[in-house]
Amino acid sequence: MKIFEKLSPIPIWNYFEEICKIPRLSKNEGKIRKFLIHFAKENNLEVKEDEIGNILIVKTASPGMEDRKTLVLQCHLDMVGENNADYPHDWATDPVIPVLSDRWISARGTTLGADDGIGIATQMAILSDKKLPSGKIECLFTVDEESGMTGAINLKPDCFTGRILVNLDSEDEGILYIGCAGGMDTIGTMKYKPVATDKNSSALEISLTGLRGGHSGDEIHKGFGNSVKIMNRLLSDLSNNFDISVSSFDGGNMRNAIPREAFSAIVFDKNVIGRLKELIDNFHTAIKEEFGTIEKDLKISVKDALLPRYVMDKESQTRLIDSLTACPHGVIAWSKEMEDLVETSTNLASVKFTGENTVKIVTTQRSSIESSKYEVASMIELCLKNAGAEVVHSDGYPGWKPDLNSEILRITLSSYKNLFGKEPMVKAIHAGLECGLIYEKFKGIDMISIGPTIRGAHTPHEKIEIKSVQMFWDLLTDVIRNISLQS
Ligand SMILES: [Zn+2]
């Protein structure tokens, strides 16, 4: 492989080239762990492993800098393996093949694994750099970030000693991240009584399609339609005007996605079909107008259906529709300290008739403030309990509250301005990072998250911007120098 030859910084690209050859899907980090332990031994660096598989490699302080603050660098060892349908790839054995095009490195047919392979390569470059004067540096490599964060969850309190940490897992050069949201699920399960359908009724299937959906962390504030909420509004309107019975309601799929589609089937007196379809038409027009261009492909369609044998009993139906009407979706609170940061939100992710006369309702809550996350989860719990549902919460993961007075933020900001002559953006994200778990476990730790520019992470389009890697390296090494000036 010659493509990395002319790229700088040379150490990072050399290590990254090696890392590309090593399969390392989540929960299968054995090979990359072995590689790192070998690297530590070759470089005479102290190395520790914990039971879950996290690795800590320590670079001792330069002579005369033993009294300086210890810095922790952190990245994750695993990667997401996605390949194009027409590009077979064995993720247990095959190497990733990097491809250089213009300003970017991507991979042939697969994810590149720059998320977070570039973090691994960077920590290796720091550890093996003999010319960078610094206090003690602890490099933490966690396992399984991409499929459950079990590495970060199982960190032992004595794993590292430093109380300043730079996480190398964000994807935007020019943005310093200082906070992330925690999350949890609130799930309701309700039972209903099946009632035999009146043979003189008619049935219709209603489909709602064409919504944009989106990530429930990154896009919750964009005002996209929620297919479950919209379908429920239609069912509510219909049941207020006609004697309808619902026989199915199915909307949404993934807990961290805003639902894009919903389908339901209703049964009613066959004499009202004309007026009933007219109501659906009017609703369609009104809802399209309400969302306007943001949901220009929103579509509600109906078709005649075979009579189902059973429908939901009326009392349960009313309780379900009412509780979904009351159940909030979207932004609950904006940050009071940081502009444009969603602090707390909830996603009404899915409703499903799961068979056995059961309806399952899945919701997820996010907040950068732990207490607010629990408050909104209680609010949703009450809504679902009103439907007669049994409600459970997942353990979830904690958030990382932004601290605008943080020392590492001040140091990184001034390094960035000195190096590049411009202000970086300072942001928090409304999605999860391992930093939330670290923040919870290592009380009082001062953290920041930086990284080079990566686009299309977790897809075969993943690519990393070459020049941003040099800027990232310059920034990180300057921050290390500046921390080492403080005693
Ligand atoms: Zn990552």
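This text follows the structure it describes.
Definitions and cut-offs
- Residues numbered from 1 in each chain as written.
- Predicted model: local features only at pLDDT ≥ 70, side-chain atom pairs only at ≥ 80, totals over all residues.
- Heavy atoms only, no water.
- Core = buried A, V, L, I, M, F, W, Y, C linked by side-chain atoms within 4.5 Å.
- Buried < 20%, exposed > 50% of the residue type's maximum accessible area, 1.4 Å probe, protein only.
- Helix = DSSP H or I, 4+ residues; strand = E, 2+ residues; numbered from the N terminus.
- Contact = heavy atoms within 4.5 Å.
- Pairing = 2+ DSSP bridges.

Trainee: Would you mind going over the nonpolar core with me for this structure?
Mentor: For soluble globular proteins, nonpolar side chains are generally found buried alongside one another. Counting 67 residues, the largest nonpolar core has W13 and F141 as its most contacted members. Per element, the largest residue contribution to this core is ten residues, and it comes from helix α11 (residues 466-485). Aside from chain neighbours lying at most four places away, what touches W13 is F4, L7, S8, I105, I118, I464, I466 and V469. Counting residues in hydrophobic clusters, the runner-up holds 44 residues, among them L204, I244, I266 and L348.

Trainee: What am I meant to see in the environment of S378 here?
Mentor: Residue position: S378 is located in helix α8 (residues 370-386). With a relative accessible area of 40%, S378 lands in the partly exposed category. Linking S378 and T186, residues 192 residues apart in sequence, is a C-alpha distance of 8.7 Å.

Trainee: What is the right way to read the pairing of strand β13 (residues 262-269) from this model?
Mentor: The side chains of a regular strand alternate between the sheet's two faces. Counting buried positions along β13 gives six out of eight residues, so the element sits mostly inside the fold. The pairing of strand β11 (residues 201-209) with β13 spans eight bridges and is antiparallel. Among the inter-strand pairings, S207 is bridged to a residue of β13, identified as F263. In this sheet, β13 lies alongside strand β12 (residues 245-251) in antiparallel orientation, the contact comprising six bridges. Within β13, the position partnered with F249 by the bridge is S264.

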